[in-house]
Amino acid sequence: MQATERALHLCLFTYKQKTMRFAKKLAAFALLFAAFGFVACEQQELIEGEPVLNVSTNMILANGTDEVVMKVTVEGVDVTKDAAFYLNEMPYGSNVFTTTTAGNQKLHAVYNNKRTEPIVIKVIDTRLYAELPADEKADQFEDFAHKVLLTQATGTWCGYCPYMIRGIEYFREELSNAGKVVVVATHSGDNLSSKASEAAVKACRVPGYPTCSFNLNYESLTSFYHDAELNAESINSKASMELKEAARAGIAAASKTAGNKVSVRAAVKVGVTGAYRINAWLVEDGVTDVQSSYWPAFSNGNSSIIMEHDFVLRDASCIAPILGEMLGGKEECEAGEIIEFYHEFDAVAANVTNVANCKIAVLVTATSGTSSNYYVNNIIECPVGGSVPFAYNK
């Protein structure tokens, strides 16, 4: 009897052990299955919507260390880890891009079989650009010297434009704010017009010709008179109002030429945290062409004359929008940053007649007050082959 009980207990013990081992295996398998199912489910739960590629900057140096960090979002959700990245249409195995090859490089991403819009990255070989002048106040990020932009909407077909042409000449020669105003002639509908000038005219919502606008602001127009001196005084008065707003960024630039190529290198010192854009305009003086005239004193009684046109806008580093590209490719720049900018113009493609007569206007635009619109906050003129240092009021 005792032997039978011992055998029975042994059988029950062995059965319990096997049952426990089986239960453990079953639990482990269940956990593994659940984990696999969770991962599989997680991979399958792709977000519907159009993916957007975001980059940390749109310009790097070709040194192998500067980098562009790519991020893909759908409806604001970060899906970078599930996206595939491409460089110049070829697969690229990382969301961090570096290179030692100068030139424009095109990046895009694919998520959930949907392709993002491409982004072009400027990769710069600094050896091709002029050195920037020394900054005598390297630690200063305020009280920048301030200049404003005056765009003159004009055309060689415009018979009233000579009144404004002479008015600008008088302003530059005689009136107090002349040294603080950068003048650019934005031709439209004539031999001197360009895609850049047409874009500037559109941005200023020009109501008629001639019209002068300040800082690419369609609400900041000067009055027009059939009198050159009155036009000059109107420009000077409006300039005084525009100069009341302090410059939030300082600009330095240097330029050089190589054949028909005109390069510009600029640096921007950010004084106030905010969103900024930058643009470089290639401007030419002394361009000979006809000019219609309804002012006999201007054209010696003729309806038109051959004359030299100054400040002609030939090209821009960014035409759409003419207000410029995001400074440093960033949505917001921090106070205390120094951000560099590079661009190369092709003088032949820009219809330049004499490179020696050219200069480059470098303008920085920013939002003003509660408005989300960008207007020119500061601007400098850099002669081709020359340089302009950071300037301060004191």
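Residues numbered from 1 in each chain as written. Predicted model: local features only at pLDDT ≥ 70, side-chain atom pairs only at ≥ 80, totals over all residues. Heavy atoms only, no water.

## Overview of the pairing of strand S19 (residues 312-316)
No. 1: Where burial is concerned, most of S19 is hidden: five out of the five residues are buried.
No. 2: Relative to S19, strand S16 (residues 276-284) is paired through four bridges, and the arrangement is antiparallel. Bridging across to S19, Val283 finds its partner in Leu313. (Buried < 20%, exposed > 50% of the residue type's maximum accessible area, 1.4 Å probe, protein only. Helix = DSSP H or I, 4+ residues; strand = E, 2+ residues; numbered from the N terminus. Pairing = 2+ DSSP bridges.)

## A word on the nonpolar core
No. 1: Counting residues in hydrophobic clusters, the biggest one holds 40 residues, and the most contacted among them are Val181, Leu216, Ile235 and Trp281.
No. 2: Broken down by element, the residue count for this core peaks at five residues, all from strand S12 (residues 181-187).
No. 3: Here Leu216 is in contact with Leu149, Thr151, Ala200, Ala203, Cys204, Trp281, Ile322, Leu323, Tyr375 and Val376, once residues within four sequence places are set aside.
No. 4: Ala253, Ile278, Cys358 and Val384 belong to the second-largest nonpolar core, a separate cluster that totals 29 residues. (Core = buried A, V, L, I, M, F, W, Y, C linked by side-chain atoms within 4.5 Å. Contact = heavy atoms within 4.5 Å.)

## Thoughts on helix H4 (residues 228-242)
No. 1: For H4, built from 15 residues, the straight-helix expectation of 21 Å at 1.5 Å per residue is met to within 8% by its first-to-last C-alpha distance of 21 Å.
No. 2: Residues Ala228, Asn231, Ala232, Ser234, Ile235, Asn236, Lys238, Ala239 and Glu242 constitute the buried set of H4.
No. 3: Its buried side turned inward, H4 meets strand S11 (148-154), helix H2 (161-174), S12 and strand S13 (211-214).
No. 4: Capping of H4 at its N-terminal end is provided by Asp227; its side-chain oxygen lies 3.0 Å from the backbone amide nitrogen of Glu229. (Expected span 1.5 Å × (residues − 1). Polar contact = N/O pair within 3.5 Å; in protein donor to acceptor, adjacent residues only side chain to side chain.)

## A look at the packing of aromatic side chains
No. 1: In this structure the tally under the stated criterion is eight aromatic pairs.
No. 2: Ring centres 5.1 Å apart and planes at 65° place the aromatic pair Trp157 and Tyr209 in the edge-to-face group. Pair noted here: Trp157 is in the loop between S11 and H2 and Tyr209 is in the loop between helix H3 (195-203) and S13, with a separation of 52 residues, a long-range link.
No. 3: For Trp157, a relative accessible area of 42% gives the class partly exposed.
No. 4: Tyr209 gets classed as partly exposed once you look at its relative accessible area, which sits at 25%.
No. 5: Following the ring pairs from residue to residue traces out a cluster consisting of Tyr163, Phe224, Trp295 and Phe298. (Phe/Tyr/Trp six-rings, centres within 6.5 Å; stacked < 30°, edge-to-face > 60°.)

## Thoughts on the sheet that holds strand S24 (residues 387-388)
No. 1: Taken together, four strands build an open sheet; the order of strands is S21-S15-S14-S24 and the sheet is antiparallel. On the outer flanks of this sheet lie strand S21 (338-346) and S24, each paired with one strand and no other.

## Structural notes on the pattern of salt bridges
No. 1: Summed over the entire model, instances satisfying the criterion amount to 16 salt bridges.
No. 2: Two residues, Arg166 and Glu169, come together in a salt bridge whose shortest N-O distance is 2.8 Å. On the criterion of helical spacing, the pair formed by Arg166 and Glu169 is a turn pair, its members being three residues apart in helix H2.
No. 3: Each of Glu48, Glu50 and Lys114 takes part in a single network of salt bridges with overlapping partners. (Salt bridge = Lys/Arg side-chain N within 4 Å of Asp/Glu carboxyl O.)

## A word on the state of the cysteines
One covalent bond between the sulfur atoms of two cysteine residues makes up a disulfide.
No. 1: Tallied over the entire structure, the rule returns one disulfide.
No. 2: As a non-bridged cysteine, Cys204 has Cys212 as the owner of its nearest cysteine sulfur, 10.0 Å distant.
No. 3: Judged by its relative accessible area of 1%, Cys204 falls in the buried class. (Disulfide = S-S within 2.5 Å.)

## Side note on unusual backbone geometry
No. 1: Residue Tyr209 is joined to Pro210 through a cis peptide bond whose omega torsion reads -5°.
No. 2: Inspection of the secondary structure assignment puts Pro210 in the loop between H3 and S13.
No. 3: Note that the residue after Ala320, namely Pro321, is joined by a cis bond; omega there is 5°.
No. 4: Relative to the assigned elements, Pro321 resides in the loop between S19 and strand S20 (325-326).
No. 5: Even without glycine at this site, Asn113 takes up a positive phi of about 65°.
No. 6: Non-glycine residue Leu216 carries a positive phi angle of around 60°.
No. 7: Structurally, Leu216 can be placed in the loop between S13 and H4.
No. 8: Here Leu216 falls in the buried class, since its relative accessible area comes to 3%.

## Digging into the packing of H2 against H4
No. 1: One way to put it is that H2 packs onto H4 with a least axis distance of 7 Å and a crossing angle of 60°. Taken together, H2 and H4 sit at an angle that is classed as oblique. The element H2 and its partner H4 pack so that their crossing is right-handed. Residues Tyr163, Met164, Arg166, Gly167, Ile168, Tyr170 and Phe171 of H2 lie in contact with H4, whose contacting residues are Ala228, Glu229, Asn231, Ala232, Ile235 and Asn236.
No. 2: Of the residues in the contact of H2 with H4, the class split is eight nonpolar, three polar and two charged. (Axes fitted to C-alpha atoms, helices over the stretch in contact; angles between N-to-C directions. Parallel < 35°, antiparallel > 145°, perpendicular 65-115°, else oblique. Left-handed = near helix turned anticlockwise from the far one by under 90°. Nonpolar A, V, L, I, M, F, W, Y, C, P; charged D, E, K, R; others polar.)

## A short note on the pairing of S16
No. 1: Most of S16 sits out of view: nine of its nine residues are buried.
No. 2: Both faces of S16 are covered, namely the face carrying Tyr276, Ile278, Ala280, Leu282 and Glu284 and the face carrying Arg277, Asn279, Trp281 and Val283.
No. 3: Relative to strand S22 (residues 358-367), S16 runs antiparallel, the two being bridged by nine bridges. Across the sheet, residue Ala280 finds its bridge partner in S22, namely Val362.
No. 4: Of the pairings in the sheet, the one linking S16 to S20 comprises two bridges and is antiparallel in character. Paired with Arg277 across the two strands is Met326, which belongs to S20.

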